[in-house]
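Coordinate analysis (summary)
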Amino acid sequence: MSQLMNEADMQKPVCLITGAGDGTGAAMARRFAAGGYRVALLARTQSRLQKLEAELDGSRGYVCDVADLDQLRSTISKVASDLGQPRVAIHNAVLGEFKPLLAADAATFEKMFRVNTTALMVLAQSVVPAMISAGQGALIVTGNTAAWRGKSAAAMFAPTKAAQRI
């Protein structure tokens, strides 16, 4: 974080975003920061985090690979310790590899499922109890049309996004 937060900043709600990359994650971070939130940015790449931290006052980046569920839990705990419990948590992290069914492999599918779906469950288990206690909060999942229909080259991706949706 580029600057120390004062007491007024610490009273602002927290939004946690997995997959804080250059596209949807950055757009959501900008929107929530503009709405008065301190934003916890989770991404695998330090340089992306530094870029967003420099741009968004009150944001803090955390290097985290959500496929490592223990690292994800630890990072969420660190966010709560550093900034406070998230009022909003957004699962935007995604892994996609596009191959037709007969070219797909189980190991890749399992890794995609872990990032796209299992990490969402871990995120929810980590943040929802505090939201329930506070009587407020939101868990948001970004998605795409693959959650509604598959295409021949999305034999591994579509099922993981459909699992998120349901």
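**Quick word on the sheet that holds strand β5 (residues 138-141)**
On the basis of which strands lie adjacent, the open sheet formed by 5 strands has the order β3-β2-β1-β4-β5 and parallel pairing. A strand with exactly one partner marks an edge of an open sheet, and here the two such strands are β3 (60-63) and β5. Strand-to-strand twist in this sheet, taken as the mean axis angle between neighbours without regard to direction, amounts to 15°. Taken together, the 4 bridges between strand β2 (residues 38-43) and β3 define a ladder with parallel strand orientation. Note on β3: the bridge partner recorded for alanine 40 is arginine 60. Sheet strands touched by helix α3 (residues 46-55): β2 and β3. Its angle to β3, the strand with the most contacts, is close to 175°.

**A short note on the environment of glutamate 53**
Turning to its location among the elements, glutamate 53 is positioned in helix α3. By relative accessible area, which is 11% here, glutamate 53 ends up buried. Once the C-alpha coordinates of glutamate 53 and alanine 29 are considered, the two residues, 24 residues apart in sequence, prove to be 10.0 Å apart. Reaching out from glutamate 53, the side chain makes a polar contact with the backbone nitrogen of glycine 61 at a distance of 2.7 Å.

**Thoughts on the environment of glycine 84**
Note on placement: glycine 84 falls in the loop between α4 (69-82) and β4 (86-91). Put simply, glycine 84 and phenylalanine 113 are 29 residues apart on the chain and 29 Å apart in space, counted from C-alpha to C-alpha. Apart from the residues lying within four places of it in its own chain, the contact partners of glycine 84 are Val14 and Val79.

Thresholds, definitions, all that
Residues numbered from 1 in each chain as written. Predicted model: local features only at pLDDT ≥ 70, side-chain atom pairs only at ≥ 80, totals over all residues. Heavy atoms only, no water. Pairing = 2+ DSSP bridges. Helix = DSSP H or I, 4+ residues; strand = E, 2+ residues; numbered from the N terminus. Axes fitted to C-alpha atoms, helices over the stretch in contact; angles between N-to-C directions. Contact = heavy atoms within 4.5 Å. Buried < 20%, exposed > 50% of the residue type's maximum accessible area, 1.4 Å probe, protein only. Polar contact = N/O pair within 3.5 Å; in protein donor to acceptor, adjacent residues only side chain to side chain.

The analysis is restricted to geometry; functional conclusions fall outside its scope.
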